[in-house]
Amino acid sequence: MRRQDTELDARHPQHRMLVSAIIVNFNGGPILTAAVRSVLASSVPVELLVGDNGSTDGSLELLRRSVGSNARLHIIENHRNLGFSRACNHLLVQARSDYLLVLNPDAVIQPDTLARMIETLAAYPDAGVAGCVLRNPDGTEQAGCRRSVPTPWRSLVRVFHLDKLFPHHPRFRNFLLTEQPLPETPIFLEAISGAFMLVRRKALQNVGLLDEKYFLHCEDLDWCMRFRETGWKILFVPDVEVVHYRGTCSKTRPIFVLWHKHKGMIRFYRKFFRHQYPWPLMPLVVAAVWTRFMLLAGMALFRQGASEPVNADRDRKAMRTVAHDRSRTPPAVGPGAESLEIHPMLVISSTEAEHTHSRMS
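Note that this is a predicted model, so its numbers are computed, not measured.

The rules behind these values
Residues numbered from 1 in each chain as written. Predicted model: local features only at pLDDT ≥ 70, side-chain atom pairs only at ≥ 80, totals over all residues. Heavy atoms only, no water. Helix = DSSP H or I, 4+ residues; strand = E, 2+ residues; numbered from the N terminus. Buried < 20%, exposed > 50% of the residue type's maximum accessible area, 1.4 Å probe, protein only. Contact = heavy atoms within 4.5 Å. Areas by Shrake-Rupley, 256 points an atom, 1.4 Å probe, with all protein chains shown as cover. Arc of directions from axis to C-beta. pLDDT = per-residue confidence, 0-100. Axes fitted to C-alpha atoms, helices over the stretch in contact; angles between N-to-C directions. Parallel < 35°, antiparallel > 145°, perpendicular 65-115°, else oblique. Left-handed = near helix turned anticlockwise from the far one by under 90°. Nonpolar A, V, L, I, M, F, W, Y, C, P; charged D, E, K, R; others polar. Pairing = 2+ DSSP bridges. Salt bridge = Lys/Arg side-chain N within 4 Å of Asp/Glu carboxyl O. Core = buried A, V, L, I, M, F, W, Y, C linked by side-chain atoms within 4.5 Å. Polar contact = N/O pair within 3.5 Å; in protein donor to acceptor, adjacent residues only side chain to side chain.

Student: Honestly, the overall build of the protein chain in this entry has me stumped. Any pointers?
Tutor: Each helix and strand in the protein chain was counted, giving 13 helices and 11 strands. Across the 361 residues of the protein chain, 55% fall into the buried class. Considering only residue pairs separated by 6 or more positions, the protein chain has 83% of its internal contacts joining residues 24 or more positions apart. For the protein chain, the computed accessible surface area is about 16,200 Å², with 55% contributed by carbon and sulfur atoms.

If you want it as structure tokens, here you go:
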């Protein structure tokens, strides 16, 4: 048995809550307290573990003033940014319940959300993890709450809008499924969003913790791949809805978040698809990913403008670092080659590292 599986088995008291909710926070603002209150108002017995990655916006202090006296709430201060996966794993090994909910700090559930999700999950014993409909504050369905795995080819289709050019061709389908009508009953999917993932403990013990090599983003896709690889199915429940105030924890450092999102995409592609695609395609995918990053980062810098000159200058330096490191990166990964990191982490001070985001919601 692996070490992390032993850790997961370590805490099994005779009396425990039905659900352990896991929230990793970094500068979640007042919405963190709203998210915590919504979990504590659940109709099922629940404990809530909040891990804070060194927030500086007062969100943790507000949480303590509001509900800090609740015995079911456990706050763990990391005092620095561990990254989402690592901070989440620290909480998962302390969780004591049969079901574990990984919830973003900007997602608000209803009192009956967990009861309904558990009832549905129990009816599908081969499902190891379940997700639900994520709604934007305006009521629209959020992209990514139900999706196919974004393989390198599907990602190219999306980036170059090939699904618009060939809307009826099966080879050019978008991996996001939100343009399709919601199913009427629960269905199995390839992937769900990490903003709300209800996990069966037995499945977690089999699949293992999150991959901590993802600092931010794509760890949920990695987890979905591993659930399916170990024989567990991924369930999507269309009649349960959660409001997700997406982007709350990422708005102050958009370039940094974009950086880790695209870095995570490269790791995901190389980890699961390096041997499935001919070598000319993978360099094309890598180039497309970083080109997309540069375009989105440029747009973000333009939007920042003069409102945040200091952060903008810091992010321009980050972009130059990316461009420099890309020029030193081998252009291709041939069959049988070892997995390569695309380039090293951006060099930032320890203080800055503590003030970066736990994840883009």
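Don't stop here, the text continues.
Student: Just checking my understanding: could you explain helix α3 (residues 59–67) for this structure?
Tutor: Three- or four-residue spacings in an α-helix give side chains the same orientation, since the helix completes a turn every 3.6 residues. Every buried residue belonging to α3 is among Ser-59, Leu-60, Leu-63 and Val-67, and all of these are buried. The buried residues of α3 all sit within an arc of 100° when viewed along its axis, so they share a single face. Residues of α3 that are buried in the fold lie against β1 (19–25), α2 (30–40), β2 (46–52) and β3 (73–77).

Student: I would appreciate a short explanation of the confidence of the model for the protein chain in the present structure.
Tutor: Do not read the fine detail of predicted coordinates wherever pLDDT is low. In the predicted model, the protein chain carries a mean pLDDT of 81, and the fraction of residues at 70 or more is 80%. Note on residues 9–15: pLDDT under 50 across the span, and 9 contacts to partners over four residues away in sequence or across chains. When the criterion is pLDDT under 50, residues 314–361 qualifies, and its contacts beyond four places in sequence or with other chains add up to 117 contacts.

Student: Would you take a moment to explain the packing of helix α6 (residues 152–159) against helix α11 (residues 281–304) for this structure?
Tutor: Axis angle and axis distance: for two packed helices, these are the angle between their axes and the distance between the axes, and together they describe the pair. Axis separation between α6 and α11 bottoms out at 10 Å; the angle between their running directions is 45°. Relative to α11, the element α6 is oriented oblique. The two elements α6 and α11 cross, and the hand of that crossing is left-handed. On α11, the residues that touch Pro-152, Leu-156 and Val-159 of α6 are Leu-281, Met-282, Leu-284, Val-285, Ala-288 and Arg-292. Broken down by class, the residue content of the contact of α6 with α11 amounts to 8 nonpolar, no polar and 1 charged.

Student: Would you explain the packing of α2 against α3 in this entry?
Tutor: Running from N to C, α2 and α3 cross one another at 35°; their axes reach a closest spacing of 8 Å. Along this stretch, α2 crosses α3, giving a crossing that reads as right-handed. Between α2 and α3, the contacting residues are Pro-30, Leu-32, Thr-33, Val-36, Arg-37 and Leu-40 on the first element and Ser-59, Leu-62, Leu-63, Ser-66 and Val-67 on the second. The class makeup of the residues in the contact of α2 with α3 is 7 nonpolar, 3 polar and 1 charged.

Student: Mind showing me how you'd approach the pairing of β1 here?
Tutor: Each regular strand carries side chains that alternate between the two faces of the sheet. When you tally the buried positions in β1, you get 7 out of 7 residues, the bulk of the element. By the alternation rule, side chains of β1 split into Val-19, Ala-21, Ile-23 and Asn-25 and Ser-20, Ile-22 and Val-24, which are all buried. Relative to β2, β1 is paired through 7 bridges, and the arrangement is parallel. Looking across to β2, one finds that Val-24 is bridged to Gly-51.

Student: Help me understand the pattern of salt bridges in this model?
Tutor: A side chain with one charge can pair with a side chain of the opposite charge if their charged atoms come near. Scanning all chains against the criterion turns up 13 salt bridges. For Asp-112, the salt bridge identified is with Arg-116, shortest N-O distance 3.7 Å. On the basis of relative accessibility, which here comes to 33%, the residue Asp-112 falls in the partly exposed class. One salt-bridge network, in which partners are shared between bridges, spans Asp-211, Asp-222, Arg-226, Arg-267 and Lys-271.

Student: In this structure, what is going on with the side chain of Ser-42? I would like to understand it.
Tutor: Note on placement: Ser-42 falls in the loop between α2 and β2. Filtering out sequence-adjacent residues up to four positions away, Ser-42 remains in contact with Ile-109, Pro-111 and Leu-114.

Student: What exactly am I supposed to notice about the nonpolar core here?
Tutor: Formed by 55 residues in total, the largest nonpolar core has its most connected members in Cys-88, Leu-92, Trp-223, Phe-227, Phe-268, Tyr-269 and Phe-273. When residues of this core are assigned to their parent elements, the largest contribution, 11 residues, is made by α11. Ignoring anything within four residues of it in the chain, the contact list for Phe-227 reads Gly-128, Val-129, Val-199, Ala-203, Val-207, Trp-232 and Ile-234. Formed by 40 residues, the second largest nonpolar core is a distinct cluster that contains Val-36, Leu-114, Cys-145 and Val-237.

Student: Got a minute to help me understand the environment of Ser-59 in this structure?
Tutor: If you trace the backbone, Ser-59 turns up in helix α3. Using a relative accessible area of 1% as the deciding quantity, one classes Ser-59 as buried. Leaving out residues up to four positions away in the same chain, Ser-59 has contacts with Asn-25, Asn-27, Gly-28, Gly-29 and Leu-32. For Ser-59, the side chain forms a polar contact with the side chain of Asn-25, separated by 3.2 Å.

Student: What is the right way to look at helix α9 (residues 219–229) in this model?
Tutor: Counting buried positions over the 11 residues of α9 gives 9, a clear majority of the element. When α9 is considered as a whole, its buried residues turn out to be Glu-219, Asp-220, Leu-221, Asp-222, Trp-223, Cys-224, Met-225, Arg-226 and Phe-227. Of the residues trailing α9, Gly-231 is marked for its positive phi of about 95°.

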